[in-house]
Amino acid sequence: GCFQAGMKYAYQKGYRYAIQFDGDGQHRPEYIEAMRQKMEEGYDIVIGSRFVTEKKGWSVRMIGSRIIGSAIRLTTGTRVTDPTSGMRMFNRRMIEEFALNLNYGPEPDTVSFLIKQGARVAELQVTIDERLEGESYLKPLPAVHYGQDADFHTYDSEFQETLVFSGYPPELGERYEESDETFII
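Here goes a summary of the coordinates provided. (Residues numbered from 1 in each chain as written. Predicted model: local features only at pLDDT ≥ 70, side-chain atom pairs only at ≥ 80, totals over all residues. Heavy atoms only, no water.)

Side note on a nonpolar patch on the surface
Nonpolar side chains collect at one region of the surface, where Trp58, Ile63 and Ile67 lie side by side and expose about 360 Å² of accessible area between them. Looking at the element boundaries, Ile63 is found in helix H3 (residues 60-76). (Patch = residues over 30% accessible without salt bridge, like charges linked within 9 Å, V, L, I, M, F, W, Y side chains within 5 Å. Areas by Shrake-Rupley, 256 points an atom, 1.4 Å probe, with all protein chains shown as cover. Salt bridge = Lys/Arg side-chain N within 4 Å of Asp/Glu carboxyl O. Helix = DSSP H or I, 4+ residues; strand = E, 2+ residues; numbered from the N terminus.)

If you want it as structure tokens, here you go:
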């Protein structure tokens, strides 16, 4: 799928980091640099989380998120407050793992597996916007379409190259391209 292809591309191009965004317009590129800085503290995966400093609600979706987070904590000893967040940054070691060894998507169970294999995971508080289009793949019917319509993008800073891959519609990319953010589509 899209994620695996993105990781293989990032591996072949020698990127130090890859960042995953959902393709529904929820994730803001303004957090890329902060996530990269968090990676520099020695983490393998940084998750853009809604709940590091904010409280999680009690909707059906958030109850599901709580159950998944509890399962991760129970099986790994690691607390992940937003296990279903689709905004994740991976370091070179994780890029290589996904490109060469794992044929998994970046789902909570895969993150749990990687933690059990020694991956260090951190979360960074981010703001996640309402979807511009689409609906959660965590519902049965949309799950079939998960991962379709992906694009590959690069984000260059003075420090390193990071691959950004998402399913952003072109008009959203143009919005960011014209903003003050360093986001190239």
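Thoughts on the nonpolar core
A general trend in soluble globular proteins is that nonpolar side chains are found buried together. Ranked by size, the top nonpolar core spans 19 residues in total, and within it Met7, Ile45, Phe90, Phe98 and Leu114 carry the most contacts. Secondary structure elements with two or more residues in this core: helix H1 (2-13), strand E2 (45-49), helix H4 (92-101) and helix H5 (108-116). If we ignore the near neighbours within four places in the chain, the residues touching Leu114 are Ile45, Met94, Glu97, Phe98, Leu102 and Ala119. Within the second largest apolar cluster, 15 residues are counted, among which are Met35, Val46, Met87 and Leu124. (Core = buried A, V, L, I, M, F, W, Y, C linked by side-chain atoms within 4.5 Å. Buried < 20%, exposed > 50% of the residue type's maximum accessible area, 1.4 Å probe, protein only. Contact = heavy atoms within 4.5 Å.)

Structural notes on the packing of H1 against H4
Taken N-terminus to C-terminus, the directions of H1 and H4 make an angle of 120°; their axes are 8 Å apart at the nearest point. Regarding the angle of H1 to H4, the classification is oblique. In the packing of H1 onto H4, the handedness of the crossing is left-handed. Of H4, the residues touching H1 (which contributes Phe3, Gln4, Met7, Lys8, Ala10 and Tyr11) are Arg92, Ile95, Glu96, Phe98, Ala99 and Leu100. Taken together, the residues of the contact of H1 with H4 break down into eight nonpolar, one polar and three charged. (Axes fitted to C-alpha atoms, helices over the stretch in contact; angles between N-to-C directions. Parallel < 35°, antiparallel > 145°, perpendicular 65-115°, else oblique. Left-handed = near helix turned anticlockwise from the far one by under 90°. Nonpolar A, V, L, I, M, F, W, Y, C, P; charged D, E, K, R; others polar.)

Details of the side chain of Thr110
Here Thr110 lies in helix H5. Each residue touching Thr110, except ones within four places of it in the same chain, is listed here: Phe98, Tyr104 and Gly105.

Treat this as a map of the structure, not an account of what it does.
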